[in-house]
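So the chains spell out like this:
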Amino acid sequence: MSDLHVGPASTGDLGAVLDFWKTAAEGTSISDDLAGVERLHERDPQALLLARRDGELVGTVIAGFDGWRCHLYRLAVHPGHRRQGIGSALLAAAEERFAALGGRRADAMVLDRNERAHPAWEAAGYGPQEAWTRWVKPLG
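Cut-offs used in this document
Residues numbered from 1 in each chain as written. Predicted model: local features only at pLDDT ≥ 70, side-chain atom pairs only at ≥ 80, totals over all residues. Heavy atoms only, no water. Salt bridge = Lys/Arg side-chain N within 4 Å of Asp/Glu carboxyl O. Helix = DSSP H or I, 4+ residues; strand = E, 2+ residues; numbered from the N terminus. Buried < 20%, exposed > 50% of the residue type's maximum accessible area, 1.4 Å probe, protein only. Axes fitted to C-alpha atoms, helices over the stretch in contact; angles between N-to-C directions. Parallel < 35°, antiparallel > 145°, perpendicular 65-115°, else oblique. Left-handed = near helix turned anticlockwise from the far one by under 90°. Contact = heavy atoms within 4.5 Å. UniProt positions renumbered as here; feature names shortened; annotations may be inferred. Arc of directions from axis to C-beta. Pairing = 2+ DSSP bridges.

Undergrad: Give a description of the pattern of salt bridges that names residues and reports values.
TA: Summed over the entire model, instances satisfying the criterion amount to 6 salt bridges. One salt bridge connects Asp13 with Arg52, and the closest N-O pair in it is separated by 2.6 Å. Of this pair, Asp13 sits in the loop between strand S1 (4-8) and helix H1 (14-24) while Arg52 sits in strand S2 (residues 48-53), placing them 39 residues apart in sequence. A relative accessible area of 25% places Arg52 in the partly exposed class. Ionic pairing is found between Asp19 and Lys22, a salt bridge with its closest N-O pair at 3.8 Å. In this pair, Asp19 and Lys22 are both assigned in helix H1, 3 residues apart and thus about one turn of the helix distant.

Undergrad: Could you give an account of the packing of H1 against helix H2 (residues 34-43), with specific residues and numbers?
TA: The contact between H1 and H2 brings their axes to 10 Å, and the two run at 125°. As summarised for this structure, H1 and H2 are arranged oblique, according to the angle between their axes. The handedness of the crossing between H1 and H2 is right-handed. Touching Leu14, Gly15, Leu18 and Trp21 of H1 are Leu34, Val37, Glu38 and His41, all from H2.

Undergrad: Could you give an account of the UniProt feature "domain: N-acetyltransferase" (unreviewed entry) in the protein chain, with specific residues and numbers?
TA: With numbering matched to this structure, UniProt assigns "domain: N-acetyltransferase" (unreviewed entry) to residues 4-140. The distance separating the terminal C-alpha atoms of residues 4-140 is 39 Å; by composition the span is 31% helix and 23% strand.

Undergrad: Describe the environment of Glu122, naming the residues involved and giving the relevant values.
TA: Within the secondary structure layout, Glu122 lies in helix H4 (residues 118-123). Judged by relative accessible area, which is 53%, Glu122 ranks as exposed. On a C-alpha basis, the gap between Glu122 and Pro8 in space is 25 Å, while along the polypeptide they are 114 residues apart.

Undergrad: So, H2: which residues are in play, and what are the values?
TA: Inspection of H2 places Gly36, Val37 and His41 among the buried residues, and these make up the whole buried set. Each buried residue of H2 lies within a common arc of 130° when the element is viewed along its axis, so the set occupies one face. With respect to the buried face of H2, the exposed residues turned more than 90 degrees away are Arg39, Glu42 and Arg43. Buried residues along H2 sit against H1.

Undergrad: Lay out the sheet that holds S1 in plain terms, naming residues and giving numbers.
TA: The strands making up a sheet are joined through hydrogen bonds of the backbone, oriented either antiparallel or parallel. Pairing in this open sheet of 5 strands is mixed, and the strands run S1-S2-S3-S4-S5 from one edge to the other. A strand with exactly one partner marks an edge of an open sheet, and here the two such strands are S1 and strand S5 (106-108). Recorded for the sheet is a direction-independent mean angle of 25° between the axes of neighbouring strands. Of the pairings in the sheet, the one linking strand S4 (residues 70-77) to S5 comprises 3 bridges and is parallel in character. Its bridge partner being in S5, Cys70 is matched across the sheet by Ala106. Against the sheet, H1 touches S2, strand S3 (56-65) and S4, its axis set at about 100° to S3.

And the structure:
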């Protein structure tokens, strides 16, 4: 994996990230638009981590920290590059970021129906927290 580089996205990467998610991410989010990722990047330029192999975008994760909790979103690996350790490398980079910021626990948004992803999350040490249900309300 020496040819894999994980690092923060630049402003110029944001459009490519949105295109990448159409191929690699499961489902869509209300924030999956240029304005949404620009707001994320403006607020925290280190939160959106990209994995590149030989310059090609092959994976993403959003490692958001609000000063209280560490949140993982949009862990996605290109279908042609899965099962090569890219997701693990992204999670390791996210966890390093959280530790450096003083984070104590990470939580991940994982779709219940995305059963293909569940073993990868479990292998990384994550598991569902049965006592909680996520309640949401779209704003605007």
